[in-house]
Amino acid sequence: MTKRFPDGFLWGGATAANQCEGAYNVDGRGLANVDVVPIGEDRFSIITGKKKMFDFEDGYFYPAQEAIDMYHHFKEDIALFGEMGFKTYRLSIAWTRIFPNGDELEPNEAGLKFYEELFKECHKYGIEPLVTITHFDCPMHLIKEYGGWRNRKMLEFYERLCRTLFTRYKGLVKYWLTFNEINMILHAPFMGAGLYFEEGENEEQIKYQAAHHELVASSIATKLAHEIDPENKVGCMLAAGQYYPHTPHPRDVWEGLQLDRENYFFIDVQARGEYPNYAKKMWERKGLTIEMTEEDLELLREHTVDFVSFSYYASRVASGDPEVQEKTAGNVFASIKNPYLDSSEWGWQIDPLGLRITLNAIWDRYQKPMFIVENGLGAVDEPDENGYVADDYRIDYLAAHIKAMRDAILEDGVELLGYTTWGCIDLVSASTGEMKKRYGFIYVDRDNDGNGTSKRSKKKSFDWYKEVIASNGGIL
Ligand code: BG6
């Protein structure tokens, strides 16, 4: 018997504003942290808040400035998503299109209009937009003036952004995510939360204080979204991937539990409504004091998310043995290498069963509907003279992950709302700034140095995914 996904399952793809829109200074858009991270060897120290780069500097190339110029191609791109049969399209709002500095009282109409047209274009094809309110972006003015999310003033600016979006797009958007990969604040604090550290500052103190501000902001957004339109559904978003112990040695299992908690900490608050005891104890042990008010705690308690969304690229491995060092790359976090798994060209390990394990772990922990909002294979594609890529490797990767997800739903009974593959159209890589790390069903003619026509063409995976959606996961 053909195994199909539940009726109404939301198939689609995902992008983020700074990685695809370009047009960084068009129609009144202001400058954001995500604009000033160049490609090249300094990128990592900049996104982690170690090296200061608050503006464009000579001698660097900044791929987000033009990206794939979706700002001017969105009609063509959404038509292609429509042709694949997308039921949903996950995109993010560039905060600085709406509030160029972040602290204005009135929004920028040109920015609001852009997304309004984009959402209307989605609905033309029966595509439900799934909107990330902030996908790593923070207005540069808010960083220079207030220090980004370390400052409590951010609550006010974020609330204004959310109120503006929920009011203006009422009836056009009903699925919202408050912060992309909220746990990234611990690993890439400048990119994730506009945090830059001065010499001698206690980074952990600042990161957890900023996390508290984001968590409260997320509750305020959830409250507002429900007040403005009871149809709204708000989700949190985790960079997920379960930790496996390196060996059955209890100290490895213990280490895995600790590292999982480091990530689940955020979702524990957003989905359950309070800080877990293990976090309070950890702050105590480390001598961290997180300032919070009674009102904050009430907001967290009263306004938990409707669903839990996450990105999944790989599982991770934990060891309590300091001698075990061999690391592999992976979604900004490095992890110990798992000898049982293959890796992508960028060293990210490939583990479809890990997706089923992660889905079950999250379901068991929260019992809230889930949404996989990122998954995919970053690979070098070799197009022919027509821009066609025979990307069987991508099809194999996605098919294996979709099967794992199907097993989790049909065999294990988890509740999953939908699946959006990452970078459904080729875009700029967040971790490296490269164009050649491609995830899309649609090839974009542009290279790492910004050369190319930006012409779009379909890869082999385009027709494959179209059939997956048409058969509701029956044909993989
Ligand atoms: C996630 C981000 O971390 O992974 C995306 O939400 C990112 O923005 C994606 O692009 C894939 O990572 P990368 O580094 O290959 O672009």
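Residues numbered from 1 in each chain as written. Predicted model: local features only at pLDDT ≥ 70, side-chain atom pairs only at ≥ 80, totals over all residues. Heavy atoms only, no water.

### Points about the site of the ligand
So, step 1. In the vicinity of the ligand, 16 residues are found, and the nearest of them are Q19, E181, E374, S431 and Y439.
So, step 2. E374 is positioned such that a nitrogen or oxygen atom in its side chain is 2.7 Å from an oxygen atom of the ligand.
So, step 3. Isolated, the ligand exposes 380 Å² of accessible area, and the fraction of that covered by the protein chains is 99%.
So, step 4. Looking at the shell around the ligand residue by residue, the class counts come to seven nonpolar, six polar and three charged. (Near = heavy atom within 4 Å. Polar contact = N/O pair within 3.5 Å; in protein donor to acceptor, adjacent residues only side chain to side chain. Areas by Shrake-Rupley, 256 points an atom, 1.4 Å probe, with all protein chains shown as cover. Nonpolar A, V, L, I, M, F, W, Y, C, P; charged D, E, K, R; others polar.)

### Points about the pattern of salt bridges
So, step 1. Under the counting rule described, the total for this entry stands at 32 salt bridges.
So, step 2. Between R365 and D268 there is a salt bridge whose closest N-O contact spans 2.9 Å. Taken as a pair, R365 in helix α13 (residues 352-366) and D268 in helix α10 (residues 250-272) lie far apart in primary sequence, 97 residues in all.
So, step 3. Between E284 and K281 there is a salt bridge whose closest N-O contact spans 3.9 Å. On the criterion of helical spacing, the pair formed by E284 and K281 is a turn pair, its members being three residues apart in helix α11 (residues 277-286).
So, step 4. A residue is classified by how much of its surface remains accessible, and E284, at 57% relative accessible area, is exposed.
So, step 5. Look at K281 and you get partly exposed, because its relative accessible area is 47%.
So, step 6. Salt bridges sharing common partners tie together D381, D391, R394, D426, R438 and K459. (Salt bridge = Lys/Arg side-chain N within 4 Å of Asp/Glu carboxyl O. Helix = DSSP H or I, 4+ residues; strand = E, 2+ residues; numbered from the N terminus. Buried < 20%, exposed > 50% of the residue type's maximum accessible area, 1.4 Å probe, protein only.)

### With respect to the sheet that holds strand β5 (residues 233-240)
So, step 1. One closed barrel holds the eight strands; their spatial order is β1-β2-β3-β4-β5-β7-β13-β14, and the pairing between them is parallel. Neighbouring strand axes in the sheet, compared pairwise and without regard to direction, differ in orientation by 25° on average.
So, step 2. Pairing geometry for strand β2 (residues 88-92) and strand β3 (residues 128-134), over five bridges, is parallel. Note on β3: the bridge partner recorded for T88 is E128.
So, step 3. Contacts from helix α7 (residues 154-168) reach β3 and β4 (175-179) within the one sheet, and its direction differs from that of β3 by about 165°.
So, step 4. Here α10 sits on the sheet and contacts β4, β5 and β7 (307-312); the angle it forms with β5, its principal contact strand, is near 170°. (Pairing = 2+ DSSP bridges. Axes fitted to C-alpha atoms, helices over the stretch in contact; angles between N-to-C directions. Contact = heavy atoms within 4.5 Å.)

### Considering the pairing of β3
So, step 1. Of all seven residues making up β3, seven are buried, and the element is well covered by its neighbours.
So, step 2. In this sheet, β4 lies alongside β3 in parallel orientation, the contact comprising four bridges. For T134, the partnering residue across the bridge sits in β4 and is F179.

### A closer look at the nonpolar core
So, step 1. F81, M405 and Y465 are the most contacted members of the largest nonpolar core, which totals 153 residues.
So, step 2. Considering each element in turn, this core owes the most residues, twelve residues, to helix α9 (residues 203-228).
So, step 3. Setting aside residues up to four positions removed in sequence, F81 forms contacts with M70, F86, Y89, I127, C424, I425 and I442.
So, step 4. One finds L130, Y175, F371 and V373 within the second-largest nonpolar core, a separate group that totals eight residues. (Core = buried A, V, L, I, M, F, W, Y, C linked by side-chain atoms within 4.5 Å.)

### Looking at a negative patch on the surface
So, step 1. A contiguous patch of negative charge on the surface is contributed by E294, E295, E298 and E302.
So, step 2. Note on placement: E295 falls in helix α12 (residues 294-302). (Patch = residues over 30% accessible without salt bridge, like charges linked within 9 Å, V, L, I, M, F, W, Y side chains within 5 Å. Lys, Arg positive; Asp, Glu negative; His and termini not counted. Charge placed at Lys NZ, Arg CZ, Asp CG, Glu CD.)

### What about the environment of T247?
So, step 1. Considering the arrangement of structural elements, one finds T247 in the loop between β6 (243-245) and α10.
So, step 2. Note on T247: relative accessible area 31%, which makes it partly exposed.
So, step 3. As a C-alpha pair, T247 and S319 span 72 residues in sequence and 7.6 Å in three-dimensional space.
So, step 4. Here H249 takes part through its backbone nitrogen, which lies 2.9 Å from a polar atom of the side chain of T247.
So, step 5. In terms of polar contacts, T247 uses its side chain to reach the side chain of D252, at 2.7 Å.

### Looking at the packing of aromatic side chains
So, step 1. Across all of its chains, the model carries 38 aromatic pairs by this definition.
So, step 2. Between W149 and Y158, the ring centres sit 5.6 Å apart and the planes meet at 70°, which makes this aromatic pair edge-to-face.
So, step 3. Relative accessible area serves as the criterion here: at 2%, W149 is assigned to the buried category.
So, step 4. Residue classification places Y158 among the buried positions, given a relative accessible area of 1%.
So, step 5. A ring pair is formed by Y208 and F265, whose centres lie 5.4 Å apart and whose planes are at 85°; its orientation type is edge-to-face. (Phe/Tyr/Trp six-rings, centres within 6.5 Å; stacked < 30°, edge-to-face > 60°.)

### Re the packing of helix α3 (residues 70-84) against helix α5 (residues 109-124)
So, step 1. Contact geometry of α3 with α5 gives a least axis separation of 10 Å together with a crossing angle of 10°. Judged by the angle between their axes, α3 and α5 are roughly parallel. Across the interface between the two elements, Y71, F74, K75 and I78 from α3 touch F114, E117, L118, E121 and C122 from α5. (Parallel < 35°, antiparallel > 145°, perpendicular 65-115°, else oblique.)

### A look at the UniProt feature "active site" (unreviewed entry) in the protein
So, step 1. Sequence positions flagged by UniProt for "active site" (unreviewed entry) are, in local numbering, E374.
So, step 2. Within the secondary structure, E374 sits in strand β13 (residues 370-374).
So, step 3. By relative accessible area, E374 is classed as buried at 5%.
So, step 4. Each residue touching E374, except ones within four places of it in the same chain, is listed here: R90, H135, N180, E181, M237, F310, S311, Y312, Y313, T420 and W422. (UniProt positions renumbered as here; feature names shortened; annotations may be inferred.)

### Section: the side chain of D229
So, step 1. With respect to the helices and strands, the residue D229 is situated in the loop between α9 and β5.
So, step 2. No salt bridge is formed by the buried D229; its nearest oppositely charged neighbour, K170, is found at 5.4 Å.

### Quick look at unusual backbone geometry
So, step 1. Its identity is not glycine, yet D69 carries a phi of approximately 50°, on the positive side.
So, step 2. Looking at the element boundaries, D69 is found in the loop between α2 (43-47) and α3.
So, step 3. Assessed through its relative accessible area of 21%, D69 is described here as partly exposed.
So, step 4. Residues other than glycine seldom take positive phi values, yet E181 does so here, at roughly 35°.
So, step 5. Topologically, E181 is positioned in the loop between β4 and α8 (189-193).

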